[in-house]
Amino acid sequence: MSRVYNFSAGPSMLPLEVLERAQKEMLDCNGSGQSVMEMSHRSKDYQAIIDEADALLREIMNIPDNYKVMFLQGGASTQFAMVPMNLATKNKKADYVITGQWAKKAHQEAGRYIEANAIASSADKTFSYLPDVDKSMLTPGADFVHITYNNTIYGTHYNTMPDFGDTTIVTDMSSCILSEEVDISKFGLIYAGAQKNMGPAGVTVVIAREDLIGDALDITPTMLKYSTHAENGSMYNTPPTYGIYICKLIYEWIKNMGGISVMNEINVKKAGILYDFLDNSKMFRGTVVAKDRSLMNVPFVTDSDELNAKFIAEATKQGFVNLKGHRSVGGMRASIYNAMPVEGVEKLVAFMKEFEANN
Ligand SMILES: *Cc1c(COP(=O)(O)O)cnc(C)c1O
């Protein structure tokens, strides 16, 4: 068997142990005589799986009891509509910080239903930094303020939380959930597509404070109301059963490793190896201001498009795949989520050193 080091931004690598466990349980999960894919979502066997997923996520993320966990579909992109429809119900207005494509899409979608204000943007420098924001910039009466906690495409991350006073904070954590400890109580709602750091594509996790989710706009389709899913334990309709099962295996893997704090130590180490090299290289450099760097997505460039292309092609041959940067920025990007082993980053850096010496 030869597995590549996959630096894709998503869907991305999954831990080998998790894949092997899923393989082992493929035909007969837990003595049920069936694959999880074949189980009725109303069966006892499946109920145990989703209950455990919920309990494990609560445990590893330290989610307070007054928050609901929902396992939904439609990707993080569906949350761009669900969030304003469900949360902007008092004054029908909300604020958005524009830190990249995903933030922009969230803002645009919200504008279809409510007054959505962009209070700051880093578009002037290709989103290579996070603009300073604080409560004085908020629109009076905003029902919430939305931030993208980790900007997957540009490689920025809120290393310190902005102070928004008492205004409800909603955040898109698609590309950093489970990578670092977060104080859930600082947020009204957190959402994340699973396919970056939590499982396979097809599952979206929403963690929402209970008092925020009962009062959606009248136009909200039943399937897009948080209350529909919260009141039915994510079983109003058929949930993405197999995807949730893989998420559960990931949560177990993190727990067995010592939890998110240990995961974070490994992530700090991995990103440090790569950033140290970039800061000292004469050929490669990172594109993000140091204080806003992400542990998960590391964009970098050389001074020449040809050299970038040559690097990507040679890296691919060596088994370092999907290093091409997002089409909107060019260059390279190494996404080094939880499942990327330290060894994968060490080997990539060794290859980059060799490439620099030869070119
Ligand atoms: C990938 C990504 C999205 C889009 O997720 P889908 O599941 O494809 O809808 C949204 N926000 C962020 C931060 C992402 O990384």
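Each remark here, short or long, concerns the structure printed above.
Keep in mind it's a predicted model, so treat the numbers as computed, not measured. (Residues numbered from 1 in each chain as written. Predicted model: local features only at pLDDT ≥ 70, side-chain atom pairs only at ≥ 80, totals over all residues. Heavy atoms only, no water.)

(A) Main features of the site of the ligand. Neighbouring residues of the ligand: Gly-75, Ala-76, Ser-77, Phe-80, Trp-102, Thr-148, Asn-150, Thr-152, Asp-172, Ser-174, Gln-195 and Lys-196. The side chain of Ser-77 places a nitrogen or oxygen atom 2.6 Å from an oxygen atom of the ligand. Asp-172 places a polar side-chain atom, nitrogen or oxygen, 2.6 Å from a nitrogen atom of the ligand. When the ligand sits alone it has 390 Å² of accessible area, and the protein chains cover 87% of it. Most atoms of the ligand, that is more than half of them, are within 2 Å of grid points of the largest pocket. Looking at which element gives the most residues to the shell around the ligand, the answer is helix H3 (residues 75-87), with four residues. Class assignment for the residues of the shell around the ligand results in three nonpolar, seven polar and two charged. (Near = heavy atom within 4 Å. Polar contact = N/O pair within 3.5 Å; in protein donor to acceptor, adjacent residues only side chain to side chain. Areas by Shrake-Rupley, 256 points an atom, 1.4 Å probe, with all protein chains shown as cover. 1 Å grid on protein atoms, 1.4 Å probe; cavity = no way out; pocket = protein on both sides within 12 Å on 5 of 7 lines; lining within 4 Å. Sits in = over half its atoms within 2 Å of the grid points. Helix = DSSP H or I, 4+ residues; strand = E, 2+ residues; numbered from the N terminus. Nonpolar A, V, L, I, M, F, W, Y, C, P; charged D, E, K, R; others polar.)

(B) Examining the nonpolar core more closely. One finds Met-61, Leu-178, Ile-207 and Tyr-251 to be the most contacted residues of the largest nonpolar core, which totals 60 residues. Structurally, this core is a two-domain feature, drawing no fewer than three residues from each of domain 1 (27-257) and domain 2 (258-352). Core analysis: the second largest hydrophobic core is formed by 29 residues, Met-70, Met-82, Phe-127 and Val-170 among them. (Core = buried A, V, L, I, M, F, W, Y, C linked by side-chain atoms within 4.5 Å. Buried < 20%, exposed > 50% of the residue type's maximum accessible area, 1.4 Å probe, protein only. Domains from an automatic or database assignment.)

(C) Just the sheet that holds strand S4 (residues 115-121), in detail. Overall, mixed pairing links the seven strands, which are arranged S2-S10-S9-S8-S5-S3-S4 in an open sheet. Since the sheet does not close on itself, it has two edges, and those belong to strand S2 (67-72) and S4, each with one partner. Neighbouring strand axes in the sheet, compared pairwise and without regard to direction, differ in orientation by 20° on average. Of the pairings in the sheet, the one linking strand S9 (residues 189-193) to strand S10 (residues 204-209) comprises five bridges and is antiparallel in character. The residue bridging Leu-189 from the neighbouring strand is Ala-208, located in S10. Where helix H4 (residues 101-110) meets the sheet, its contacts fall on strand S3 (93-98), S4, strand S5 (145-148), strand S8 (169-172) and S9, and the angle it forms with S3 comes to roughly 160°. (Pairing = 2+ DSSP bridges. Axes fitted to C-alpha atoms, helices over the stretch in contact; angles between N-to-C directions. Contact = heavy atoms within 4.5 Å.)

(D) Region of the structure containing helix H9 (residues 342-358). Here H9 is 17 residues long and its end C-alpha atoms lie 25 Å apart, about the 24 Å a rise of 1.5 Å per residue gives. Buried within H9 are the following residues: Val-342, Gly-344, Val-345, Leu-348, Val-349, Phe-351, Met-352 and Phe-355. The secondary structure elements touched by the buried residues of H9 are strand S1 (5-6), helix H7 (260-280), strand S12 (297-301), helix H8 (305-317), strand S13 (320-321) and strand S14 (332-335). (Expected span 1.5 Å × (residues − 1).)

(E) Spatial organisation of the pairing of S8. Burial along S8 is two-sided: Ile-169 and Thr-171 facing one way and Val-170 and Asp-172 facing the other are all buried. Pairing between S8 and S9: three bridges, direction parallel. In the strand pairing of S9, Asp-172 is matched with Tyr-191.

(F) Expanded view of the pattern of salt bridges. Scanning all chains against the criterion turns up 14 salt bridges. The shortest N-O distance in the salt bridge between Arg-293 and Asp-279 comes to 2.7 Å. You can see Arg-293 sitting in the loop between strand S11 (285-286) and S12 and its partner Asp-279 sitting in helix H7, a full 14 residues away along the chain. Taking relative accessible area as the criterion, Arg-293 reaches 17% and is therefore assigned buried. Residue classification places Asp-279 among the partly exposed positions, given a relative accessible area of 48%. Three or more residues are tied together by salt bridges with common partners; here these are Arg-21, Glu-25, Glu-52, Lys-248 and Glu-252. (Salt bridge = Lys/Arg side-chain N within 4 Å of Asp/Glu carboxyl O.)

Treat this as a map of the structure, not an account of what it does.
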